[in-house]
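Chains, contacts and geometry: an overview
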Amino acid sequence: MTDNTVAGREEQPGQALAGLLRNWWESSARDGREKPTQQSLAKRLGVDQTTLSRYLNPAHASNAPRRIVEQLHTVLRAPDDELVRACALADAAAGRRPAATASAAPGPAPAPAGPAGGRGAAPRWWDRSPVTFPALAVASLLLLALGCIAWWVVPTAGQSDAKAMANLSDRPSEGTDWPLARKGNVLWKARTVQLLLRANAFDVKVDADYGPATAEAVKKFQSAHGLTPDGKVGKDTWPLLIITVDSRTTKPDAVTAVQYLLHHAGVPTDSTGTYTLATMRSLKEFQESRNLPVTGVGDEGTWRALLNAQGPDQHK
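Residues numbered from 1 in each chain as written. Predicted model: local features only at pLDDT ≥ 70, side-chain atom pairs only at ≥ 80, totals over all residues. Heavy atoms only, no water.

Looking at the overall build of the chain
A tally of regular secondary structure across the chain gives 14 helices and 0 strands. Start at the N end of the chain and walk to the C end: the helices and strands fall as α-α-α-α-α-α-α-α-α-α-α-α-α-α. Residues classed as buried in the chain amount to 38% of the 316 residues present. Restricting the contact set of the chain to residue pairs at least 6 apart, pairs at least 24 apart contribute 54%. By element, 55% of the accessible surface of the chain is carried by carbon and sulfur atoms, the whole surface being about 17700 Å². (Helix = DSSP H or I, 4+ residues; strand = E, 2+ residues; numbered from the N terminus. Buried < 20%, exposed > 50% of the residue type's maximum accessible area, 1.4 Å probe, protein only. Contact = heavy atoms within 4.5 Å. Areas by Shrake-Rupley, 256 points an atom, 1.4 Å probe, with all protein chains shown as cover.)

In structure tokens form, the structure reads like this:
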């Protein structure tokens, strides 16, 4: 079927378009080229084969969109002067242009807008690939959704984390690095306080449970040092409770506390109760990692850093 035949008959735009597209496909095997199968052609256009067959079937009105028409014209290397007519038929079939305009007899077609010397109307950039525009649309929607999620989650997560950290860190007041140990703590806080109480001659059981007996011993220690006896170990009690640990230390419980905190701060250390060369090396390694003076001595700054290097609070 030729273009003149299609134009000369009183056909609906959709039927005329189907005949023209079919003619492009049937005539594509020229100049040593093979006619593409409908399956390969459909894949290249980004449509299923059933849809493409309907576009190319002259027995039915084709509803091929203008984008598909322009791509078929390019892929099948159809005559340049037939593109404008095919696009007019596609527009008419879609109800965007009166059918009479699309079915008018062909004549010299005005050159479509585009670069001088180009063949036919240059496909728009979003029509050059059947996948480009849908892919860009999907990507844009995904970016928008991710942006909304980030806007909602990040502030919420920040607030939740801040609240969680406030509950876990249990710091006594702003501007101090000393944690607060109190009744109900278990594990590292309770064990450290109990070991230091023993090093200060208070006979308490080291069971890692900051119970009534530990709280009472803390109150007695505080009273003996002129502090308010509240049973809590905070910024005023820690500096008095800790003991400097070095090669001259004769308080095994204080050494054990340092070794325990080192081990749980990520510096493997044996708990021996004796300040050994291994203990000194572990202290130096920890001090270096915290930008502290590397002395190998468990002084006040090292104790404070060790306490802040432990895990979150644990309560009964």
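Moving on, there is more to tell.
Things to note about the confidence of the model for the chain
The pLDDT averaged across the chain works out to 79; a share of 73% of its residues lies at or above 70. Of the regions scoring below 50 in pLDDT, residues 98-120 engages in 25 contacts with residues more than four places distant in sequence or in other chains. Below pLDDT 50 for its whole length, residues 153-176 participates in 22 contacts with residues either more than four positions away or in separate chains. (pLDDT = per-residue confidence, 0-100.)

Describing the pattern of salt bridges
In total, this model carries 12 salt bridges according to the counting rule given. In this structure, the salt-bridge partner of Asp203 is Arg198, at a minimum N-O distance of 3.4 Å. Residue class for Asp203 comes out exposed when judged on its relative accessible area of 73%. The class for Arg198 is partly exposed, based on a relative accessible area of 34%. (Salt bridge = Lys/Arg side-chain N within 4 Å of Asp/Glu carboxyl O.)

Considerations on the nonpolar core
Side chains that are nonpolar tend, in soluble globular proteins, to be buried together. Val193, Leu197, Tyr210, Val233, Trp238 and Trp303 are the most contacted members of the largest nonpolar core, which totals 37 residues. Every element with two or more residues in this core is listed here: α9 (188-199), α10 (212-224), α11 (238-241), α12 (252-264), α13 (277-289) and α14 (300-308). Counting residues in hydrophobic clusters, the runner-up holds 25 residues, among them Leu41, Leu56, Val75 and Leu76. (Core = buried A, V, L, I, M, F, W, Y, C linked by side-chain atoms within 4.5 Å.)

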